[in-house]
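# Topology and contacts: notes
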Number of protein chains: 2
Amino acid sequence: MTNYPIYIGSDALLRLKEFLEQRKYSGVLVLVDANTQVLCYPLLQPFLPAHSTFEIPSGEIHKNLNSCIKIWEHLTHEAFDRKGLVINLGGGVIGDMGGFVAATYKRGIDFIQVPTTLLSQVDASVGGKLGIDFQGYKNHIGVFCEPQAVVIWPEFLDTLTRRELLSGMAEVIKHHLIADREGWNRLKLTREVFALKLEDLIRHSIKIKSDIVQADPLEKGLRKALNFGHTIGHAIESQFLETSHPLLHGEAIAIGMIAESWISHQEGLISQAERDEIAGFIKNFYGKPEIPSSFYPEICDRALNDKKNQKGKILCTLLDGIGKVRFDSEIRKTQIEKSLDFYNLLS
Amino acid sequence: MTNYPIYIGSDALLRLKEFLEQRKYSGVLVLVDANTQVLCYPLLQPFLPAHSTFEIPSGEIHKNLNSCIKIWEHLTHEAFDRKGLVINLGGGVIGDMGGFVAATYKRGIDFIQVPTTLLSQVDASVGGKLGIDFQGYKNHIGVFCEPQAVVIWPEFLDTLTRRELLSGMAEVIKHHLIADREGWNRLKLTREVFALKLEDLIRHSIKIKSDIVQADPLEKGLRKALNFGHTIGHAIESQFLETSHPLLHGEAIAIGMIAESWISHQEGLISQAERDEIAGFIKNFYGKPEIPSSFYPEICDRALNDKKNQKGKILCTLLDGIGKVRFDSEIRKTQIEKSLDFYNLLS
């Protein structure tokens, strides 16, 4: 599936230990945030060789160049050489940023992803996308670079709140919608996230994502399927990041999937029943934070500056029936506004 | 030789024009510095499609994150998408930094190197090493990423001073010393840089470098041959960068080659006659800027933090006879100090 091992399951930390014993790294840094320092690091620590830790404040607003500079400084100060290793213990922020720092320090040292959130376990752990936010644009600066290994230990999920679990479910839902119609028909009957067998869902999501990424690692075509929900979702996420009540990534993507399903229906690609089924399922899971219409113009502007665009057109991945997509579909600002109206009016 | 075209010669700009006509880039940015804006850009401009330019102040001290931020901001402001192109028109600073910015903007857009100095034509143009300086360490943050094309137009060299030409000659000399004993025996008879056929030397250097890089693109082994002169040379360059009279890169590497030849002889790898021949030739070309002994401790510290090191050892590429090298040779701080004494005492 991938060029590097993905250890999933209750023995994942033991297998990481064996992996590290085979490699002889000259130094190991464990990157944590305020949460994983307290909740996850003590669980990982017994499985590691000698190492140091470095803590970044929690949250997407710290996924920026200033944090990178602090980590680069630490690596420099500790005289990390090219045989050093960075272990990223945390969610998407830690994984994306720690990976980017490692991939650019001395033109690249090894890193291992140990995702601790459902979101990062099913999404950020596969695909080699690394990066940081820049001037309000998500992942605007970054590289493609694969880790040496990914370690998915489901017990880390016990440290999460229900809100965080739900955020991760957004990508699980997405993987069903873009690639597994039958799976969606089962999933849509679920009413409670804690009742789900998460390890099975993680394996399912990683299988779908890694198959897509293998076929198109640099996102020239097929991989754009994974962007469903993300053109509008990212724009919403960035917009709310500047308010006093930011959304979690998955919460924004959930709204993005409702909006882009509305556009998919408007373009004649899915039925009204399918659209309403998706919207109803997501709304039941996530509740419905209001998007003030005063945000619309800026959300549209942000969507226009999305990395996936070309030549000033907003290119979006739409559903083409459940389980399939049509990528590089041009959408208009008025469609975004109307899709947000549809979302806001959901009862 | 390489995975991308290298256009060398009087028709190089015409071939660039044809290349750009085949690709349909959504936007083109030409990155220049204060010198190339005036001296080189007017020569290149007629061969380009619609484009904008962005100017960075000249000099190595501007090869830093702040300059990157300005270029990233410009690309963002101009709404460059993933089908955009950056053309780097300048020496190593512009090429290394502009390449790094392109390779990380939206996780990587295309870039073309148009090196305008002898140094960048024979060195930076091949090998995919990109990066910026960080806290006094050269190229401390960067990536490996190949350009779409390299354009070497020898007439740009007419814009250079003798000092700049000589700086570039350091890498030409290095390529002879590490890989072409017969070539060195011819080159060492030269007394005047302006008497040389530069286009032939450029082709010779690019051939040697690209053969080495092809065999070992990520510098796991053989490629380290190219680091001859650079462990001590980089440290000297960084040190002088903080004075009021910085050295050009090649000037520092020239001193580094003398120092590392002295160590090569001390380690029994080259004869005293060979060492003195190298030192005499380089000194004749470059003159001999004094290195105050008060600089020695910091130069040693900088060498210790060189990217090529492992586990606190200073690993250096030494000559193993002329035309061959022994890489990953551990050297001691006292050897660096003595080699600098040798250099300072050259008559």
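## Let's talk about the packing of helix 13 (residues 296–304) of chain B against helix 14 (residues 333–344) of chain B
Residue and element names in this part refer to chain B.
- Between helix 13 and helix 14, the shortest axis-to-axis distance is 10 Å and the interhelical angle comes to 125 degrees. Considering the angle they form, helix 13 stands oblique to helix 14. The interaxial crossing formed by helix 13 with helix 14 has right-handed handedness. Mapping the contact onto sequence places Tyr296, Ile299, Cys300, Asp301, Ala303 and Leu304 in helix 13 and Lys333, Ile336, Glu337, Leu340, Asp341 and Asn344 in helix 14.
- Here the contact of helix 13 with helix 14 is composed, by residue class, of 7 nonpolar, 1 polar and 4 charged.

## Some remarks on the sheet that holds strand 3 (residues 52–56) of chain B
All names here are of chain B.
- Here we have 6 strands laid out as an open sheet, ordered 1-8-5-4-2-3, and parallel in their pairing. The open sheet is flanked by strand 1 (6–8) and strand 3, the only strands paired with a single partner. When the angles between neighbouring strand axes are averaged without regard to direction, this sheet yields 20 degrees.
- Looking at chain direction, strand 4 (residues 84–90) and strand 5 (residues 110–115) are connected through 6 bridges and run parallel. Within strand 5, the residue paired with glycine 90 across the bridge is proline 115.
- Helix 4 (residues 65–77) rests against strand 2 (27–33), strand 3 and strand 4 of the sheet, and its axis sits at about 165 degrees to strand 3.
- Against the sheet, helix 9 (residues 198–215) touches strand 1 and strand 8 (149–152), its axis set at about 160 degrees to strand 1.

## Side note on the pairing of strand 8 (residues 149–152) of chain A
All names here are of chain A.
- Of the two faces of strand 8, both are covered, the one formed by Ala149 and Val151 as well as the one formed by Val150 and Ile152.
- Relative to strand 8, strand 5 (residues 110–115) runs parallel, the two sharing 2 bridges. Across the sheet, residue isoleucine 112 finds its bridge partner in strand 8, namely alanine 149.

Rules of the game
Residues numbered from 1 in each chain as written. Chains lettered and ligands numbered in written order. Predicted model: local features only at pLDDT ≥ 70, side-chain atom pairs only at ≥ 80, totals over all residues. Heavy atoms only, no water. Axes fitted to C-alpha atoms, helices over the stretch in contact; angles between N-to-C directions. Helix = DSSP H or I, 4+ residues; strand = E, 2+ residues; numbered from the N terminus. Parallel < 35°, antiparallel > 145°, perpendicular 65-115°, else oblique. Left-handed = near helix turned anticlockwise from the far one by under 90°. Contact = heavy atoms within 4.5 Å. Nonpolar A, V, L, I, M, F, W, Y, C, P; charged D, E, K, R; others polar. Pairing = 2+ DSSP bridges. Buried < 20%, exposed > 50% of the residue type's maximum accessible area, 1.4 Å probe, protein only.

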